[in-house]
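# A closer look at the structure
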Amino acid sequence: MNGAGRSAYAGAAIVGVAESDLGITDMSALGLQAQAVVRALDDAGLALSDVDGVATVGVPRFPAVQVAEYLGVRPTWSESTFTGGSSFEVMTARAAAAITAGHAEVVVVGYGSNQRSARSRSLAGVLDPMQPESQFDAPYGALSPVSLYALAAQRHMHDHGTTAEQLAEIAVAAREWALLNPKAFRYGAGPLTVDGVLGSRSISSPLHVLDCCLVTDGGGAVVLTSLDRARDLRRAPVRVLGAGECSTHHGFTQVPDLSLTGAAAAGAGAFRQSGLKPDDIDVVQIYDSFTITALLSLEALGFCGRGEGGDFVAGGRLRPGGDFPLNTTGGGLSYCHPGMFGIFLIIEAVRQLRGESGERQIERAETALCHGTGGILSHHATLVLGVHR
Amino acid sequence: MTITTPAFVGRPDPPVTPDTRAWWDATRRRQLTVQRCDACGHAQLYPRVLCTACGALELHLEPVSGRAVVHSHSTVATSPNPALFVPPYVVALVVLAEGPTMLTDIVGPRAGAVRCDDPVHVVWEALPDGRHLPLFAPIEQDLD
C-alpha cells in the first residue's frame, strides 16, 4: 500500500466498527456509546478487557475519563481532541499514531448522543459568555450552525452560479443511498426529488429544511490495534494511510474564506502522507451536515475544481449506480446525525473496504477518504484509509 | 420579501470583557471602531490583546467610516429564540471599508432586496444599558 509503510500510522490498523442503536432510542448518551463500543469490540473479536486506550468527545468535562468509568475500564492512554464533528477523524489518526509509537495496544474511539430523545438540540447554538461570539455573533439572531452554511451557499451561488437545484441533488442522492440502508432513519421514507427539497420549509435562505441534516440519536465506535495483533483477528485490517487537519476560525466573523475551506489544507496533508490523489480514492465519505458542506469539501479536497461543485454533483453521479458514489449510508442527510457525524464516515468506509456494505457495496474498493467538518466550517480533518485485498 | 418590523423584540445582552470594554464604550457615542496595530497598521475585529497579522501587543481603537459591503446574506426564516427574534430578518457578513468583517443584521425598507457586494452603512440600535449595537442598512445608489 502506497505510503503506509513509512507513515506515522504504519503500525496500527482499524479492526472493528459498529453503530449503536440509531434514530429515536430513549437511551442515555453514555449507554449509546457503550453499546457501540461493545459491538465494535465484538466485530473485532476483542473484549473490553483488551482495551488500554479510550478516545471520545461530546461528554461533559473529562470525556475519556467519564466514558472509561462507564465502560468499567482503566485505560493507560486517553484522548479527547474536541474539534466538533471532525473529532473522530482526528482521534482515529491520533490513536493509530499512538499505537504505532507503542503508547497503546487496543484503542476504542467512541461517540454517543441522545440529542433527539433528549430534545437537547438548539437552533441558536451553545455559547459561553467568555467566547467573543457572545458579543459579536449572538446578538444578531443568526442560526448556528445553519446560517453560516447558508451564507457560504449564498456566496457560492453569487460567485459561481451554483443553483439551489444543484445543492438539492446532494440531498436527493443521499436519500437514494438511505433507501438501500436498513439502518438509515429515512430507510423506507421513499425517494426525494429536487422539487421536494426546494419546496420544503426555508430555514435560513438559501437552505431549506431538506438541505439540512437529520437530528437523531446515535453512537458509533472504531477499534484500533497494532498491525501485528490485527493480523490474528477476524477482519481484514484497515490501515490509516494518511491524515490531515486544519482549523481556520471559530466564530462567524473570523471566517477567512467562505468558499475555500480548511478542507483544502486537511486534504492536502492526508493525500501527501498517503501518496495518493483524489482519482485514486474508491470510497468517498464526506461530512454532509448541510448540502453545501459536502459541495465545498468536494471542491477543496480536489475532487473537482474550485467553483465547479454545482456542475460536478449534477446528473445523478452521486447516486447508487453513478460514477461518483458519495456517502453510501445516506449520510447525515438521510441516515443519521446525532450532532457529530464524523465517526459514521469511518464506520462505513471500513465496511466498504471490507466488502460488507451489501447492496451499497462499491466494487473492488481498496482506498477510502473520510472527511469530517467541525463547527461552522471551522475545523476540517481528512483520513485516507486502505486495505490489502 | 417583506421584512416584519420590528424583527427584533429584544437582544441577548452582549457581555463585555476586558478586551472589548473600550470598543463597547465607543458605541455609547454611536462610534464604530476597529483595532489598529501600532506596529504594522493591520486593522482587526474583534478587539483582542494581540495583532493577528504580526503578533504585536500594542494596538489602539480607531473610528471608522461605517461603510461596508455585503459579503453574503441569509434570510432567517426559523427563529433561534422566538422570544427575541421574529423572522423573517436578514443576517449578513459585511466587510468594512477598513478591512475587518462583521456579522450583522441588514435593516431598513430595502433589507429584503440586499445582494452580495451591495454597499451598506452602519445604523445603531440602542441597548438597554446605554450601549448601541451596530446594524447595517443598504446605501441608496444614485441612478444618474
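Residues numbered from 1 in each chain as written. Chains lettered and ligands numbered in written order. Predicted model: local features only at pLDDT ≥ 70, side-chain atom pairs only at ≥ 80, totals over all residues.

## Brief notes about the overall build of chain A
The number of helices and strands found in chain A is 14 helices and 11 strands. Radius of gyration (C-alpha) of chain A: 19 Å, near the 21 Å computed for a compact globule of 389 residues. Projected onto the principal axes, the alpha-carbon positions of chain A cover approximately 55 × 45 × 40 Å. Here chain A holds 389 residues, and 62% of them are scored as buried. For chain A, long-range pairs separated by at least 24 residues make up 76% of all intrachain contacts whose partners lie at least 6 apart in sequence. (Helix = DSSP H or I, 4+ residues; strand = E, 2+ residues; numbered from the N terminus. Rg over C-alpha atoms; globule rule 2.2 N^0.38 Å. Buried ≥ 20, exposed ≤ 12 C-beta atoms within 10 Å, placed from the backbone. Contact = placed C-beta atoms within 7 Å.)

## Quick notes on the sheet that holds strand β2 (residues 43-44) of chain B
Across the sheet, three strands lie side by side as β2-β1-β3 (chain B); this open sheet has antiparallel pairing. This sheet does not close on itself; its edge strands, each paired only once, are β2 and β3 (59-63) of chain B. (Pairing = 2+ DSSP bridges.)

## Here we look at the domain arrangement of chain B
All names here are of chain B. The domains assigned to chain B are domain 1 (16-63) and domain 2 (65-144). Using C-alpha coordinates to define each centre, domain 1 is positioned 21 Å away from domain 2. The interface of domain 1 with domain 2 comprises nine residues on the first partner and 12 residues on the second. Among the secondary structure elements, those contributing two or more residues to the side of domain 1 that touches domain 2 are α1 (21-27) and β2. Residues of the side of domain 1 that touches domain 2, tallied by class, amount to five nonpolar, two polar and two charged. (Domains from an automatic or database assignment. Nonpolar A, V, L, I, M, F, W, Y, C, P; charged D, E, K, R; others polar.)

## Let's talk about the packing of helix α10 (residues 263-274) of chain A against helix α11 (residues 291-300) of chain A
All names here are of chain A. Between α10 and α11, whose axes approach to 8 Å, the crossing angle comes to 50°. Our classification of the angle between α10 and α11 gives oblique. Crossing of α10 against α11: the hand is right-handed. Contacts between α10 and α11 pair Ala263, Ala264 and Gly267 from the former with Leu296, Ser297 and Ala300 from the latter. (Axes fitted to C-alpha atoms, helices over the stretch in contact; angles between N-to-C directions. Parallel < 35°, antiparallel > 145°, perpendicular 65-115°, else oblique. Left-handed = near helix turned anticlockwise from the far one by under 90°.)

## Some points on the nonpolar core
Ranked by size, the top nonpolar core spans 155 residues in total, and within it A:Ala40, A:Val222, A:Val223, A:Leu224 and A:Ile346 carry the most contacts. Ranked by residues supplied to this core, first place goes to helix α7 (residues 164-178) of chain A with nine residues. Structurally, this core is a two-domain feature, drawing no fewer than three residues from each of domain 1 (16-63) and domain 2 (65-144) of chain B. If near-sequence neighbours (up to four positions away) are discounted, A:Leu224 is found in contact with A:Ala12, A:Ala13, A:Ile14, A:Val15, A:Ala95, A:Ala96, A:Ile99 and A:Val107. (Core = buried A, V, L, I, M, F, W, Y, C linked by C-beta atoms within 7 Å.)

## Some details on α10(A)
Note that an α-helix has 3.6 residues per turn; residues three or four places apart therefore point the same way. Residues and elements named next belong to chain A. Compared with the 16 Å implied by 1.5 Å per residue over 12 residues, the 16 Å span of α10 between its first and last C-alpha is a close match. The complete set of buried residues in α10 reads Ala263, Ala264, Ala266, Gly267, Ala270, Phe271, Gln273 and Ser274. Along its buried surface, α10 packs onto β8 (239-247), α11, β10 (367-374) and β11 (379-386). With its phi angle positive at about 75°, Gly275 sits one or two positions after the end of α10. (Expected span 1.5 Å × (residues − 1).)

## With respect to the sheet that holds β11(A)
Strand pairing in a sheet takes place through backbone hydrogen bonds and is either antiparallel or parallel in direction. Residue and element names in this part refer to chain A. Spatially, four strands are ordered β8-β11-β10-β9 in an open sheet, and the strand pairing comes out mixed. Each edge of the sheet is formed by a strand with only one pairing partner; in this case those strands are β8 and β9 (283-286). Recorded for the sheet is a direction-independent mean angle of 10° between the axes of neighbouring strands. For β9 and β10, the ladder comprises four bridges, and the chain directions are parallel. Within the sheet, the bridge partner assigned to Val284 lies in β10 and is Leu369. Of the strands in this sheet, β8, β10 and β11 are in contact with helix α3 (residues 87-100), which crosses β11 at around 50°. Each of β9, β10 and β11 touches helix α14 (residues 342-353); the most contacted strand, β10, lies at about 175° to it.

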